[in-house]
Amino acid sequence: MTSPANRRPPSGRRRDRHGRGLRGRLVPATVPLARTKAEIFDDLVLDTVETLEHRFAKELAGVEFAVEDVPPELNVYDTDVLEDGEVPLARLLPGRPGRADMAPRIVLYRRPLEFRAMDHDDLADLVHDVIIEQVANLLGLDPDELS
């Protein structure tokens, strides 16, 4: 005969330990806290790119915008890299004329930009300024003309 303390629940049921219920997400997906830093950064980039595309749709038609966490490790960076000190913030890959597979590409490096920003608004301004600088370089314009 088994005592009540030694009895196990049927195999399909599990005990709710400490009465806390099942574990799951702490924050619903619709709440802003559920967004990652990378998703927030991507939204900042998209906001600036959409604004520029409204004004320069024809010029930016084939341009790709990308975000990478950190810049690649290179000994020397070309003139197509926007740097702060010796840390790359963004890179312009102009593409090759006559080759459809080599579209112009602007790459922003998320971690160095986040590191330089004091808060969300500062990061938004910094992302905007870096994209403006790179697009102006691509189009051969003064950055003040794009702002």
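This text goes with the structure placed above it.
These lines cover the structure that appears in this document, whether it is placed above or below. In this numbering scheme, every chain counts its residues from 1 along its sequence in written order. Totals for whole chains, interfaces and linings use every residue, but because this is a predicted model, local features are given only for residues with pLDDT of at least 70 and side-chain atom pairs only at 80 or more, for both listing and counting. Computation of side-chain values: all heavy atoms of the structure, hydrogens and water removed.

Let's talk about the overall build of the chain
Okay, step 1: When helices and strands are counted, the chain shows four helices and four strands.
Okay, step 2: Taken over 147 residues, the chain has a buried fraction of 24%.
Okay, step 3: When contacts within the chain are restricted to residue pairs at least 6 apart in sequence, long-range pairs at least 24 apart make up 56% of them. Strands here are runs of E lasting at least two residues and helices are runs of H or I lasting at least four, both read from the DSSP assignment and numbered beginning at the N terminus. Note on classification: 1.4 Å probe, protein chains only; a residue is buried when its accessible area is under 20% of the maximum for its type, exposed when over 50%, partly exposed between these limits. By the convention used here, residues are in contact when the closest approach between their heavy atoms is within 4.5 Å.

Looking at helix α3 (residues 120–139)
Okay, step 1: A rise of 1.5 Å per residue sets the reference length of α3, with its 20 residues, at 28 Å; its end C-alpha atoms lie 28 Å apart and thus fit the reference within 8%.
Okay, step 2: Measuring from the side-chain oxygen of the N-cap residue of α3 to the backbone nitrogen of Asp121 gives 3.4 Å; that N-cap residue is Asp119.
Okay, step 3: Directly beyond the C-terminal end of α3, a positive phi value near 70° is found at Gly140. In this analysis, the expected span of each helix is defined as 1.5 Å times one less than the number of residues it contains. What qualifies as a polar contact is a pair of N or O atoms within 3.5 Å, subject to a donor-acceptor requirement within protein and to the restriction that residues adjacent in sequence count only when both atoms come from side chains.

Examining the sheet that holds strand β1 (residues 64–68)
Okay, step 1: When DSSP finds two or more bridges between a pair of strands, those strands are recorded as paired. As summarised here, the arrangement of the four strands in space is β1-β4-β3-β2, forming an open sheet in which the pairing is mixed. Each end of this open sheet is capped by a strand with a single partner; those strands are β1 and β2 (81–84). Within the sheet, the average angular offset between the axes of one strand and its neighbour, ignoring direction, is 15°.
Okay, step 2: What counts as an axis is a line fitted to C-alpha atoms, over the stretch in contact for a helix, and the angles between N-to-C directions run from 0 to 180 degrees. Across the sheet, α3 is in contact with β1, β2, β3 (87–93) and β4 (105–109); its angle to β3 comes to roughly 40°.

Quick look at the environment of Val130
Okay, step 1: Residue position: Val130 is located in helix α3.
Okay, step 2: Residue Val130 is classed as buried on the basis of its relative accessible area of 4%.
Okay, step 3: Separated by 41 residues in the primary sequence, Val130 and Leu89 have C-alpha atoms spaced 7.7 Å apart.
Okay, step 4: Other than its neighbours up to four places away in sequence, Val130 contacts Leu82, Ala90, Leu108 and Leu113.

Points about the nonpolar core
Okay, step 1: With 23 residues, the main nonpolar core has Leu108, Val127 and Ile131 as its most contacted residues.
Okay, step 2: Mapped onto this core, the elements with two or more residues apiece are α1 (37–55), β3, β4 and α3.
Okay, step 3: With seven residues, the single largest contributor to this core is α3. Here, the term nonpolar core denotes a set of buried Ala, Val, Leu, Ile, Met, Phe, Trp, Tyr and Cys residues that are joined through side-chain atoms within 4.5 Å.

What to know about the side chain of Glu114
Okay, step 1: Mapping Glu114 onto the fold places it in helix α2 (residues 110–116).
Okay, step 2: Contacts of Glu114, omitting those with residues within four sequence positions, involve Lys37, Phe41 and Leu123.

Structural notes on the pairing of β3
Every other side chain in a regular strand lies on the same face of the sheet, so the side chains alternate between the two faces.
Okay, step 1: Counted residue by residue, β3 has five buried out of seven residues, so it is predominantly covered.
Okay, step 2: Sheet analysis places β2 next to β3, joined by four bridges and oriented antiparallel. Counted as the bridge partner of Glu83 is Pro88 from β3.
Okay, step 3: Across four bridges, the pairing between β3 and β4 is antiparallel. Looking at β4, one finds that Ala90 is bridged to Leu108.

With respect to the pattern of salt bridges
Okay, step 1: The term salt bridge refers to a side-chain nitrogen of Lys or Arg lying within 4 Å of a carboxyl oxygen of Asp or Glu. Enumeration over the complete set of coordinates arrives at three salt bridges.
Okay, step 2: Among the salt bridges present, the one from Arg35 reaches Asp43, with a minimum N-O distance of 2.0 Å.
Okay, step 3: Notably, a salt bridge pairs Glu114 with Arg110, separated by 3.0 Å at the nearest N-O pair. Of the two residues, Glu114 and Arg110 both sit in helix α2, four residues apart, roughly one turn of that helix. Each member of the pair, Glu114 together with Arg110, is buried.

Fair warning: the whole summary comes from geometry, so function is off the table for now.
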